Amino acid sequence: MDTMDSMKGKDEMDKVITGGCLCGVVRYEYAGEVGESSYCHCDDCKRATGGPYTVGVVSVAARLRIVRGKVKGYATKADSGRNITREFCPECGSPLFTRAEKCPDLVFIKAGSLDNPEVVRPSCQTWTERAVPWAYIDEHLPRYPKGRP
Ligand SMILES: [Zn+2]
Ligand SMILES: [Zn+2]
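Residues numbered from 1 in each chain as written. Chains lettered and ligands numbered in written order. Predicted model: local features only at pLDDT ≥ 70, side-chain atom pairs only at ≥ 80, totals over all residues.

Caption draft 1: Highlighting the sheet that holds strand β1 (residues 16-20). Spatially, the three strands line up as an open sheet ordered β1-β2-β5, and their pairing is antiparallel. The sheet is open, and its two edges are formed by β1 and β5 (64-68), each paired on a single side. Direction aside, neighbouring strands of the sheet carry axes that sit 25° apart on average. Bridge analysis of β1 against strand β2 (residues 27-31) gives five bridges, and the strand direction is antiparallel. From the neighbouring strand, Gly 20 faces β2, where its bridge partner is Arg 27. (Pairing = 2+ DSSP bridges. Helix = DSSP H or I, 4+ residues; strand = E, 2+ residues; numbered from the N terminus. Axes fitted to C-alpha atoms, helices over the stretch in contact; angles between N-to-C directions.)

Caption draft 2: Region of interest: the nonpolar core. Formed by 22 residues in total, the largest nonpolar core has its most connected members in Cys 40, Leu 96 and Ile 109. In terms of residue count, the dominant contributor to this core is strand β9 (residues 106-110) (three residues). (Core = buried A, V, L, I, M, F, W, Y, C linked by C-beta atoms within 7 Å. Buried ≥ 20, exposed ≤ 12 C-beta atoms within 10 Å, placed from the backbone.)

Caption draft 3: Spatial organisation of the confidence of the model for the protein chain. Summing up the model confidence of the protein chain, the mean pLDDT is 91 and the portion of residues at 70 or higher is 91%. When mean pLDDT is taken per element in the protein chain, β5 scores highest with 98 and helix α1 (residues 3-7) scores lowest with 49. (pLDDT = per-residue confidence, 0-100.)

Caption draft 4: Region of interest: the sheet that holds strand β4 (residues 54-60). Taken in spatial order, the eight strands of this open sheet run β6-β7-β8-β9-β4-β3-β10-β11, and their pairing is mixed. Each end of this open sheet is capped by a strand with a single partner; those strands are β6 (72-77) and β11 (143-144). Note that strand β7 (residues 83-88) and strand β8 (residues 95-100) share five bridges and pair antiparallel. Residue Arg 86 lies in a different strand from β8, and its bridge partner there is Thr 98.

Caption draft 5: Focus on the pairing of β4. Judged by how many residues are buried, β4 sits mostly within the fold: five of seven residues are covered. In this sheet, β4 lies alongside strand β3 (residues 37-40) in antiparallel orientation, the contact comprising four bridges. Within the sheet, the bridge partner assigned to Cys 40 lies in β4 and is Thr 54. With five bridges connecting them, β4 and β9 associate as antiparallel partners.

Caption draft 6: Broad picture of the environment of Lys 102. Within the secondary structure layout, Lys 102 lies in the loop between β8 and β9. Using a count of 12 C-beta atoms within 10 Å as the deciding quantity, one classes Lys 102 as exposed. Separated by 13 residues in sequence, Lys 102 and Cys 89 have C-alpha atoms that sit 23 Å apart. Among all residues touching Lys 102, those that are not within four sequence positions of it are Ser 80 and Arg 82. (Contact = placed C-beta atoms within 7 Å.)

Caption draft 7: Molecular detail of the pairing of β9. By the criterion of burial, β9 is predominantly enclosed, with four of the five residues buried. Relative to β9, β8 runs antiparallel, the two sharing two bridges. The partner of Thr 98 across the bridge, within β9, is Phe 108. Counting the residues that bridge the hairpin from β8 to β9 gives five residues.

Structure (structure tokens):
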């Protein structure tokens, strides 16, 4: 158990969050509460999701379990020169997870793939310099022109 886990109550750790792709081939479970999340307006997220932005939930990679199916990954280079791998269902193409070489212990779960996405509360917006004018989002959230500082 890491420090973060031991600070949480047992009930919270027993909680399991579920999600999956559109066709149902890939299903996953996440042990614990959803973590912090943020909007990303970068061009790669637009392309990969087909939407104006994506919302990624910061999650502990070790607590994510793919319980059905297998994902496929596609890697691009981040500005840092390190890989960002976006994982999706090979059958229906639904975006599911993003993994960054920079932080191998984390996985960013696509909020829209959760069975109950309403539990997500994004706390900031990144890459707002690339945001389209028709992406209406809570204007009081902190905005970062590029990635998180
Ligand atoms: Zn699918
Ligand atoms: Zn992005």
